[in-house]
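Analysis of the macromolecular model
Given next are the chains, with one letter for each unit.
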Amino acid sequence: MADTIRAGGQPAKPWYKVLYIQVLIAILLGVIVGWLAPNIATNDWIKGLGDGFIKLIRMLIAPIIFCTVVSGIAHIQDASKVGRVGIKALVYFEVVSSFALMIGLVMGNVVQIGRGLAAQPDAAAVATYVKQAEAQKTVDFILNIIPDSVVGALARGDILQVLLFAILFGFALMAMGERGARLRDIIDDSAHAVFGIIAIVMKAAPFGAFGAMAYTIGKFGPAALGNLVGLIVLFYVTAGLFVVVVLGLIARFVGFSIFKFIAYIKDELLIVLGTSSSESALPQLMEKLERLGCSKPVVGLVVPTGYSFNLDGTNIYMTLATLFIAQALGVDLTFGQQLTILVVAMLTSKGASGVTGAGFITLAATLTVVNPELVPGMAIVFAIDKFMSEVRALTNIIGNGVAAVFVSWWEGELDHVTLHARLNQAVDTTNVETAVTTG
């Protein structure tokens, strides 16, 4: 029999053993089951498949962020570099986030998909989210970055709190010099062990994607979209324009193709698509970016921080959804109020993690500040929020990946040879046999 041989003499995997193909098949099966057998799809056990997979991933996020950030900082000889990378990352986040907010605002005003809907929302349907949104005030957000206890932050998996402690711990370890080398090595080995656990957990990704997608389609169904399908389509198109135009130009400036980059992280994108959570692919994304030629310290700082400060998909969603609700309720927003959306959304989006529904909570905070009479209108988009959360998460993860590459380039620590070799799937043909015959 003939076996195809890849680089390094390794036989190519059969197509049915490739993770992203397994996840894609699982998503398609989930759609079919949710559509044809909604009673089965909405079973607690089916829903539990998706929820369980996300919990498996989330249990690893805090330790992997802690180990990666501490290791990255501890390996830096110059303490000023950490601050320099952090400032560059924040500048990048704010500029790109502003573009995301503006493109959503422009598309919402041009298309005005909410006009003529004549909606009559039920305020009670979103009461829980509005209460949660009260905690999104700027002062509370800043104070909540400081954990009551380190153990509590790790136990809850609070990304920003873990990130703060990891940065402080990394600086302390760096200041110890050679005395801290042994502890640094232990943390490095611990990170490799956690990545090993992730490799095991990822084998369950197809089951998680199937459960999450089947439950979504089974509960809401195509008919549930109704007249709101226009908002979904508009959001998909706007997010696509942002990725292709804004992120595409950034990628071209650095020297790579956004389409090749998307193909490179296709495994992570399909996992996000199935789970509606960008956090579900965070550890794998960080590892892939390092293999792509990005600086390890930059990846360790930029990606976890980006999950709280660089939520491009969430920003687009908030401007589009706010305008849609206002149009549906017949509330005319002035130019000043629309500018307020940009400022308020920039603040309320900070700290929204990649967990499903976080964008809806930040929407409540935005509406409360912009115009309180719009808050009951959240019930209009409540039923279809799940269908938009996937694109929010996909846009967020692509944006954070591009951010890490850009900041690595800005720092002069991007390996362009490795970058192009990975994106072009280049191999040394002198060391590769294209095929061998066995048995």
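Residues numbered from 1 in each chain as written. Predicted model: local features only at pLDDT ≥ 70, side-chain atom pairs only at ≥ 80, totals over all residues. Heavy atoms only, no water.

With respect to helix H14 (residues 282–291)
This is how the line gets drawn: Throughout this description, buried means an accessible area under 20% of the type-specific maximum (1.4 Å probe, protein chains only), exposed means over 50%, and partly exposed covers the range between. Helix numbering and strand numbering both begin at the N terminus, where a helix is a DSSP run of H or I of at least 4 residues and a strand a DSSP run of E of at least 2.
Taking burial as the measure, the 10 residues of H14 include 7 buried ones, the bulk of the element. For H14, the complete set of buried residues consists of Leu282, Pro283, Gln284, Leu285, Met286, Lys288 and Leu289. Phi for Gly293, located one or two positions after H14, is positive at around 110 degrees.

Focus: the packing of aromatic side chains
Note the following rule: Centres within 6.5 Å are what make two rings of Phe, Tyr or Trp a pair, Trp counting through its six-membered ring; a difference in plane orientation under 30 degrees is then read as stacked, over 60 as edge-to-face, and the rest as tilted. Should the NZ of a Lys or the CZ of an Arg lie within 6 Å of a ring centre and within 35 degrees of the ring normal, that charge is described as sitting over the ring.
Tallied over the entire structure, the rule returns 10 aromatic pairs. Ring geometry for Phe165 and Phe169: centres 5.8 Å apart, planes at 50 degrees, overall tilted. A residue pair is termed a helical-turn pair when its members lie 3 or 4 positions apart in one helix, as Phe165 and Phe169 do in helix H8 (residues 159–175) at 4 residues. Judged by centre distance (5.4 Å) and plane angle (45 degrees), the ring pair of Phe406 and Trp409 falls under tilted. A residue pair is termed a helical-turn pair when its members lie 3 or 4 positions apart in one helix, as Phe406 and Trp409 do in helix H20 (residues 385–410) at 3 residues. In this structure an aromatic cluster arises from ring pairing among Tyr92, Phe93, Phe253, Phe406, Trp409 and Trp410. Positioned above the aromatic ring of Tyr215 is the side chain of Lys47, whose terminal nitrogen or guanidinium carbon lies 5.5 Å from the ring centre. Above the ring of Tyr264, the side-chain terminus of Lys288 is found at 5.2 Å from the ring centroid.

Here we look at the pattern of salt bridges
Note the following rule: Counted as salt bridges are all cases of a side-chain nitrogen of Lys or Arg within 4 Å of a carboxyl oxygen of Asp or Glu.
Taken as a whole and assessed by the stated rule, the structure comprises 3 salt bridges. Between Glu268 and Lys288 there is a salt bridge, with its nearest N and O atoms 3.3 Å apart. In this pair, Glu268 is assigned in helix H13 (residues 266–275) and Lys288 in helix H14, connecting sequence segments 20 residues apart. An identical accessibility class is assigned to Glu268 and Lys288; each is buried. Here the salt bridges share partners, and the residues they tie into one network are Arg84, Lys88 and Glu411.

A short note on the confidence of the model for the protein chain
A low pLDDT score tells you not to read the predicted coordinates there in detail. How we decide: One confidence number per residue, pLDDT, is output by the predictor and ranges from 0 to 100. Note on contacts: a residue pair is in contact if any heavy atoms of the two residues lie within 4.5 Å.
Averaged over every residue, the pLDDT of the protein chain is 77; the share at 70 or more is 77%. Put simply, strand E2 (residues 435–437) is where the protein chain has its lowest mean pLDDT, 35, and helix H12 (residues 258–264) is where it has its highest, 93. Here residues 353–357 scores under 50 on pLDDT; set against residues more than four positions off or in separate chains, the count is 18 contacts. Segment residues 426–439: pLDDT under 50, and 16 contacts once partners within four positions in sequence are set aside and those in other chains are kept.

A closer look at the nonpolar core
So the rule is basically this: By nonpolar core is meant a set of buried Ala, Val, Leu, Ile, Met, Phe, Trp, Tyr and Cys residues that side-chain atoms within 4.5 Å join together.
Ranked by size, the top nonpolar core spans 119 residues in total, and within it Leu247 and Leu289 carry the most contacts. Broken down by element, this core gets its largest block of residues, 13 residues, from helix H3 (residues 44–74). Beyond its immediate stretch of four places on either side in the chain, Leu247 contacts Tyr92, Val96, Phe242, Ile258, Ile398, Gly399 and Val402.

Let's talk about the packing of helix H11 (residues 229–254) against helix H16 (residues 312–329)
Our working rule: An axis is simply a line fitted to the C-alpha atoms; with a helix, the fit covers only the stretch in contact. Between two such axes, the angle follows the N-to-C directions and lies from 0 to 180 degrees. Relative orientations are named as follows: roughly parallel for angles under 35 degrees, roughly antiparallel for angles over 145 degrees, roughly perpendicular for angles from 65 to 115 degrees, and oblique for any other angle. Each crossing gets its hand from how the near helix is turned against the far one by less than a right angle, where anticlockwise is left-handed and clockwise is right-handed.
Packing of H11 against H16 leaves a shortest axis separation of 10 Å and a crossing angle of 140 degrees. Between H11 and H16, the angle is such that the two are oblique. For the pair H11 and H16, the sense of crossing is right-handed. Within the contact between the two elements, H11 uses Leu231, Leu234, Phe235, Thr238, Ala239 and Phe242 and H16 uses Asp312, Gly313, Ile316, Tyr317, Leu320 and Phe324.

Examining H11
Quick note on the threshold: What a helix should span is 1.5 Å times the count of its residues minus one. Here the bend at a residue means the angle between the axes of two seven-residue stretches, the one that ends at it and the one that starts at it.
With 26 residues, H11 should reach 38 Å at 1.5 Å per residue; the first-to-last C-alpha distance of 36 Å fits that figure. At Gly248, H11 is bent by approximately 35 degrees, the largest bend along its length. Immediately downstream of H11, the backbone of Gly255 shows phi near 120 degrees, a positive value.

A look at the side chain of Thr395
The condition that has to hold: Any pair of nitrogen or oxygen atoms within 3.5 Å is treated as a polar contact; in protein, a donor-acceptor pairing is required on top of that, and neighbouring residues in sequence qualify only through side-chain atoms on both sides.
Structurally, Thr395 can be placed in helix H20. A polar contact is formed between the side chain of Thr395 and the backbone oxygen of Val391, at a distance of 2.8 Å. Those residues in contact with Thr395 that lie beyond four places of it in its chain are Ala239, Phe242, Val243, Asp312 and Gly313.

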